[in-house]
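Residue-level structure breakdown
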Amino acid sequence: MLQIVLATGNKHKVEEINQVSVPFGVEFVLPDEGFNPIEDGSTFEENSYAKALAAAQCEKSGRKYFMADDSGLCTDFLNGAPGLKSARYAPSADERIEKLLCALKDAKESERGAKFVCSLVLINKTGEVLNKTNGICKGKIAHQKSGEGGFGYDPIFIVENINKTMASLSEDEKNRISHRGRALMDMLMWIKCSNL
């Protein structure tokens, strides 16, 4: 099993990604202690690279590969906001949702379009980029929360062509169609063919 450090402090994210990656012979693990990235990039890709590099720099266990994702929700009505600031849009998940729904209160139905974007970057210990992938999941913002699953903006994001919120999907459905699921699948296919 190939071990890759996933540059995150979120244990749930590691578990979620491993559900998809383990059949490919790839297991993701949390970074060593001291992981504290500075996300000051101007794109999702720049932030992903910064996180992966921070994980590589605190590595003490001899692992060679480091992957990070940076994701966000981009809305049409707000010219792409919250975008890079999705996780810092307000102090808590409920407050972020509340703030976004308020910001969209005057948006017409045709203006509620949105997309989740995910950028994945895989590097080695020296910081060299081995591969990068992007995933997009299109949809629109609901008027109120719906569904019990997921996290973040999932309860108000209605997935295109499915007409359910991301939070209403099963874990399997979400892994298949989400922005992170799509980017991850592309990355895993590349890893499988690359002889890492």
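My aim in this report is to walk through the structure given alongside it, one point at a time. (Residues numbered from 1 in each chain as written. Predicted model: local features only at pLDDT ≥ 70, side-chain atom pairs only at ≥ 80, totals over all residues. Heavy atoms only, no water.)

Regarding the side chain of Asn47
Within the fold, Asn47 resides in helix α2 (residues 44–57). At 2.8 Å, the side chain of Asn47 and the backbone nitrogen of Gly41 are in polar contact. Sequence-distant contacts of Asn47, that is, excluding residues within four places in its chain, are made with Glu39, Asp40, Gly41, Asp70 and Leu84. (Helix = DSSP H or I, 4+ residues; strand = E, 2+ residues; numbered from the N terminus. Polar contact = N/O pair within 3.5 Å; in protein donor to acceptor, adjacent residues only side chain to side chain. Contact = heavy atoms within 4.5 Å.)

Quick notes on the pattern of salt bridges
The full count for this structure, using the stated rule, is 14 salt bridges. For Glu15, the salt bridge identified is with Lys11, shortest N-O distance 3.8 Å. Within this pair, Glu15 and its partner Lys11 are both found in helix α1 (residues 11–21), separated by four residues, close to a single helical turn. For Glu15, a relative accessible area of 44% translates into the label partly exposed. A salt bridge links Arg180 to Glu16; the shortest N-O distance between them is 3.8 Å. Taken together, the residues Arg180 in helix α5 (residues 179–194) and Glu16 in helix α1 connect sequence positions 164 residues apart. (Salt bridge = Lys/Arg side-chain N within 4 Å of Asp/Glu carboxyl O. Buried < 20%, exposed > 50% of the residue type's maximum accessible area, 1.4 Å probe, protein only.)

Considering the nonpolar core
Counting 18 residues, the largest nonpolar core has Leu73, Leu100, Ile141, Tyr153, Phe157 and Met166 as its most contacted members. Within the residue set of this core, elements represented by two or more residues are α3 (93–103), β4 (113–124), β5 (129–141) and β6 (157–159). Sort the elements by how many residues they give to this core and α3 lands first, with three residues. In this structure, Val14, Leu122, Ala183 and Leu184 belong to the second largest nonpolar core, which totals 17 residues. (Core = buried A, V, L, I, M, F, W, Y, C linked by side-chain atoms within 4.5 Å.)

Structural notes on the packing of α1 against α5
The interhelical angle for the contact between α1 and α5, taken along N-to-C directions, is 50°, at an axis separation of 11 Å. The angle between α1 and α5 places the two elements in the oblique class. As α1 packs across α5, the resulting crossing turns out to be right-handed. Between α1 and α5, the residues in contact are Lys13, Glu16, Ile17, Val20 and Ser21 and Arg180, Leu184, Met185 and Leu188, respectively. Class assignment for the residues of the contact of α1 with α5 results in five nonpolar, one polar and three charged. (Axes fitted to C-alpha atoms, helices over the stretch in contact; angles between N-to-C directions. Parallel < 35°, antiparallel > 145°, perpendicular 65-115°, else oblique. Left-handed = near helix turned anticlockwise from the far one by under 90°. Nonpolar A, V, L, I, M, F, W, Y, C, P; charged D, E, K, R; others polar.)

Examining the sheet that holds strand β3 (residues 65–75)
Pairing in this open sheet of six strands is mixed, and the strands run β2-β1-β3-β4-β5-β6 from one edge to the other. This sheet does not close on itself; its edge strands, each paired only once, are β2 (26–29) and β6. The mean inter-strand angle of the sheet, taken between neighbouring strand axes irrespective of direction, is 40°. Across the face of the sheet, α1 comes into contact with β1 (2–6), β2 and β3 while running at roughly 175° to β2. (Pairing = 2+ DSSP bridges.)

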